[in-house]
Amino acid sequence: MSLKVYNTFTGRKEKFTPIHEGSVKLYVCGVTVYDHCHIGHARSAIVFDVVYRYFTAKGYDVKFVKNFTDIDDKIIKKAQEEGISWKEVGDKYITSFYEDMEALHILKPTYEPKATEHIDDMVHLVETLLSKGNAYRIDGDVYFSVESYREYGELSKRTLEEMMAGARVEINERKRNPLDFALWKASKEGEPYWNTPFGKGRPGWHIECSVMSAKYLGNPFDIHGGGKDLIFPHHENERAQTESATGMRFVNYWIHNGFVNFEKEKMSKSLGNILLIKDFVKKYHPEVLRLFFLSNHYRSPIDYNEKSIEDNNNALNRLYYALERVADIQKKGITPQKYTEADEIERNFYEAMDDDFNTALALSSIFEISRTLNRMIDEGDESLVPFIVYAHNQLISFANILGLLEDEVNTFNVYEKQRHVNRIGLALPAIEEMVQERVEARKNRDYKKADRIRDILSEKGIILQDTPKGTEWRVKNIPSLKGEG
RNA sequence: GGCGGCAUAGCCAAGUGGAAAGGCGACGGUCUGCAAAACCGUUAUUCUCCGGUUCAAAUCCGGAUGCCGCCUCCA
């Protein structure tokens, strides 16, 4: 089974061939730590988390680097606004970032370097570019000369002429070419700085990624990823810097994820429609967001809307319910039994993932197994238990490659119920009491009363299931509750 | 102005040459006191429109319409 990935650089799906057999060196641009993460950050984190998990599942030894950009204009601005130091701003949002990533079950990368811990290396890279004639100094600033790098624009598919024609580049008389970008910026009064051969200053954007990718992965490395918006200028500039300095190829495969729109509009501060990860997880299980993202191709734009989230919430509940049903089956000491249909599902799953991480198609395998499981459980035939155990293991293993179904069933149910009762303002004991009251009514064949209780709960988005084990209640969202909480 | 992308059922969505995945919803059935859940079945003879290439096109080519992104900080 060979994996194909879409390479932004060539604009085609290509067979993935690592530099060193059996290993993958992956660098993904992390966040600039000046604010809380929103669901757009979540998409990128989830997409590359799945890339990481999938390579690992295929047996690759993956070195995965995700950086923090912890010095930058926006951080400095934030520090001034809040009256704290740039370092405190960074620390605050790094903490926030980790909370969010943990909530979303994002696996920890191998390395998570911070820009400011690599200043010496950056200075060294700037010196190299200066000595090679790719950079020039103006007062305390150092700029990269885009004309010195013949391939400039090849990644983002545009030429210098075209970019100039765009004419929306900043006017800076001092630069040799308006498209030249800062490698190093002289610090103004009150701004953070490091002492360097070019004077007191701080790094420009882009350079931290060139430095940290080289340090932890070497050049060239296999895959560089990030959001689509980073193609230009960020990744174009990283490439220009690194290739000019090393004379070597920078990256073999470029992978970029599409954007998240919010109710058909671009998320932006001015529209005030930015949904933070922290706010999402208050309302829904984090795997709902993951399922939603993975049911779309990672390169397509995706529209976040309440209806889709509710749909995926229902779908996720169904998967967990299948797990719950399996949990009720006595399977101690049972040896799992492989069967043909399971083999086929497995093949489909891997084929989908091998085709440029087609998670939407891979998910269909997961729903297939869940259906198979339910069917076998419905049969109630003891002899099927080994097959049930096999299918169950398979379901968990595929789902986990996508970072789904990672909660214990009980944890999930408790979480769902708690979230729901908070939303409707009913206490758990009150619900249990009503359920018990209905159980009594049913015993007495007072079905009128029983049905009345069921209706009351139903209006609160709670459904009752009378099973052989007794009466259980579950959360079933109803339209009138949408948007609340 | 330049570059690029998208248009598939009621909704979301995969599929880029050979019988239209999957999810949500709806409807019918099994089950049930009635339900719910689960399962079974039905729900796009057709993929925005118009031409063309081909034995064969949602998929390739040309055109039209509509939507979106990037070119400036941005995941």
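What you see as residue numbers is a count from 1 along each chain, following the sequence as written. Each chain takes a letter, starting from A, and each ligand takes a number, starting from 1, following the order in which they are written. Only residues with pLDDT of 70 or above have their local features reported here, since the model is predicted, and side-chain atom pairs are shown and tallied only from 80 upward, although totals for entire chains, interfaces and linings are computed over all residues. Side-chain numbers here rest on the full set of heavy atoms in the structure, without hydrogens or water.

A.B. asks: I'd love a proper account of the overall build of chain A, names of residues and values included.
C.D. replies: Only DSSP runs of H or I reaching four residues or more are called helices, and only runs of E reaching two or more are called strands; each is numbered from the N terminus. For chain A, the count of helices and strands is 16 helices and 16 strands. Structurally, chain A occupies a C-alpha span of about 90 × 50 × 40 Å along its principal axes. Only the protein chains shown count as cover for residues, with accessible areas throughout obtained via the Shrake-Rupley method and a probe of 1.4 Å. Here chain A has roughly 22500 Å² of accessible surface; of this, 49% comes from carbon and sulfur atoms. Charged residues are defined narrowly, with Lys and Arg counted positive, Asp and Glu counted negative, and His plus the chain ends left uncounted. Where a charge lies is defined by one atom per residue type: Lys uses NZ, Arg uses CZ, Asp uses CG and Glu uses CD. Placing the 67 positive and 76 negative side-chain charges of chain A at their respective mean positions leaves the two points 2 Å apart.

A.B. asks: Account for the sheet that holds strand β5 (residues 135-138), with residues named and values stated.
C.D. replies: At least two DSSP bridges between two strands are required for those strands to pair. Strands sit in the order β5-β6-β7-β9-β8 across an open sheet of five strands; the sheet is antiparallel. Only two strands of the sheet have a single partner each, and these edge strands are β5 and β8 (194-196). Each strand axis lies, on average, 35 degrees off the axis of its neighbour in the sheet, ignoring direction. Inspection of the sheet shows β5 paired to strand β6 (residues 141-144) by four bridges, in the antiparallel sense. Bridge pairing in β6 links Y136 to Y143. Working convention: axes come from line fits to C-alpha atoms, limited for helices to the stretch in contact. Angles between N-to-C directions cover 0 to 180 degrees.

A.B. asks: Got a sec to walk through the protein's contact with RNA strand B? Specific residues and values, please.
C.D. replies: Put simply, a residue is near a molecule or strand once any heavy atom of it comes within 4 Å of that molecule or strand. In the vicinity of RNA strand B lie 52 residues, with W205, K266, D311, R371 and R454 positioned nearest. Counting only atoms of RNA strand B within 4 Å of the protein, the sugar-phosphate share comes to 66%. Identification of polar contacts relies on pairs of N or O atoms within 3.5 Å, with a donor-acceptor requirement for protein atoms, meaning one able to donate a hydrogen and the other able to accept it, and with residues adjacent in sequence counted only if both atoms are side-chain atoms. In this structure, D378 approaches RNA strand B through a side-chain N or O atom, which is 2.7 Å from a sugar or linking oxygen. The side chain of R442 places a nitrogen or oxygen atom 3.1 Å from a base oxygen of RNA strand B. Every element with two or more residues in the surface near RNA strand B is listed here: α1 (39-57), α5 (160-166), β10 (221-227), α10 (306-327), α12 (359-379), α15 (428-443), α16 (447-459) and β15 (462-467). At nine residues, α12 tops the list of elements feeding residues into the surface near RNA strand B. For this scheme, ten residues count as nonpolar: Ala, Val, Leu, Ile, Met, Phe, Trp, Tyr, Cys and Pro. Four count as charged, namely Asp, Glu, Lys and Arg, and the remainder, Gly too, count as polar. In the surface near RNA strand B, the residues fall into 14 nonpolar, 17 polar and 21 charged.

A.B. asks: Describe the confidence of the model for chain A, and please don't skip the residues or the numbers.
C.D. replies: Summary of the metric used: pLDDT quantifies the predictor's per-residue confidence within the range 0 to 100. Of the residues in chain A, 96% reach a pLDDT of 70 or more, and the chain-wide mean stands at 92. Whether two residues are in contact is decided by their heavy atoms, any of which lying within 4.5 Å being enough. Confidence drops under a pLDDT of 50 for residues 480-485, and excluding neighbours within four residues, the segment shows 14 contacts in the predicted structure.

A.B. asks: Could you give an account of unusual backbone geometry, with specific residues and numbers?
C.D. replies: For the bond from N219 to P220, the omega torsion is -10 degrees, close enough to zero to count as cis. Tracing the chain through its elements places P220 in the loop between α6 (207-217) and β10. Look at the link from F232 to P233: it is a cis peptide, with omega at 0 degrees. On the secondary structure map, P233 appears in helix α7 (residues 231-246). If you check the backbone angles, H105 has positive phi at about 60 degrees while not being a glycine. Locating H105 in the fold gives a position in the loop between α3 (86-103) and α4 (119-131). Exposure remark for H105: the relative accessible area of 27% places this residue in the partly exposed category. Its identity is not glycine, yet L405 carries a phi of approximately 55 degrees, on the positive side. Structurally, the position occupied by L405 is in the loop between α13 (385-401) and α14 (409-424). Per-residue accessibility, obtained with a 1.4 Å probe over protein chains only, is compared with the maximum for each type, and a residue is labelled buried under 20%, exposed over 50%, and partly exposed between these values. On the basis of relative accessible area, L405 is assigned to the buried category, the value being 3%.

A.B. asks: Break down the pairing of strand β7 (residues 181-186) for me, citing the residues and quoting the values.
C.D. replies: By the bridge criterion, three bridges tie β6 to β7 in an arrangement that is antiparallel. By the bridge assignment for β7, V142 is matched with W184. In terms of strand pairing, β7 meets strand β9 (residues 199-203) through three bridges, oriented antiparallel. Of the residues in β9, the one forming a bridge with K185 is R202.

A.B. asks: Tell me about the environment of I302, and please be specific about residues and values.
C.D. replies: Structurally, I302 is set in strand β14 (residues 302-304). I302 gets classed as buried once you look at its relative accessible area, which sits at 2%. Along the backbone, I302 and F259 are 43 residues apart, and their C-alpha atoms lie at a distance of 6.4 Å. The residues touching I302, leaving out its near neighbours within four places in the chain, are R43, F259, V260, N261, F292, F293 and N296.

A.B. asks: Go over the packing of α12 against α13, please, and point to the residues and values.
C.D. replies: Their axes nearest at 10 Å, the elements α12 and α13 cross at an angle of 155 degrees. The angle between α12 and α13 places the two elements in the roughly antiparallel class. Like other packed secondary-structure pairs, α12 and α13 cross with a definite hand, here left-handed. Across the interface between the two elements, I366, I369, L373, M376 and I377 from α12 touch F387, I388, A391, H392, Q394, L395, F398 and A399 from α13. Classifying every residue of the contact of α12 with α13 gives 11 nonpolar, two polar and no charged. Note on angle classes: values under 35 degrees are labelled roughly parallel, values over 145 roughly antiparallel, values of 65 to 115 roughly perpendicular, and the remainder oblique. Whether a crossing is left-handed or right-handed is set by the direction in which the near helix is turned from the far one by less than a right angle, anticlockwise for left-handed and clockwise for right-handed.

A.B. asks: Which residues make up the sheet that holds β14, and what are the values?
C.D. replies: Spatially, three strands are ordered β13-β12-β14 in an open sheet, and the strand pairing comes out mixed. Among the strands making up the open sheet, the edge pair consists of β13 (265-266) and β14. The sheet contact formed by strand β12 (residues 260-262) and β13 spans two bridges and is antiparallel. Of the residues in β13, the one forming a bridge with F262 is E265. Against the sheet, α1 touches β12 and β14, its axis set at about 150 degrees to β12.

A.B. asks: Explain the pattern of salt bridges residue by residue, including any values.
C.D. replies: Whenever Lys or Arg places a side-chain nitrogen within 4 Å of a carboxyl oxygen from Asp or Glu, that contact is recorded as a salt bridge. Going through the model one piece at a time under the given rule, you end up with 40 salt bridges. Between K469 and D328 there is a salt bridge, and its shortest N-O distance comes to 2.8 Å. Here D328 lies in the loop between α10 and α11 (340-354) and K469 lies in the loop between β15 and β16 (470-475), a separation of 141 residues in the sequence. A salt bridge links K338 to D343, with the nearest nitrogen and oxygen atoms 3.1 Å apart. A relative accessible area of 26% places D343 in the partly exposed class. Because the salt bridges share partners, they merge into one network encompassing D49, R53, R290 and E406.

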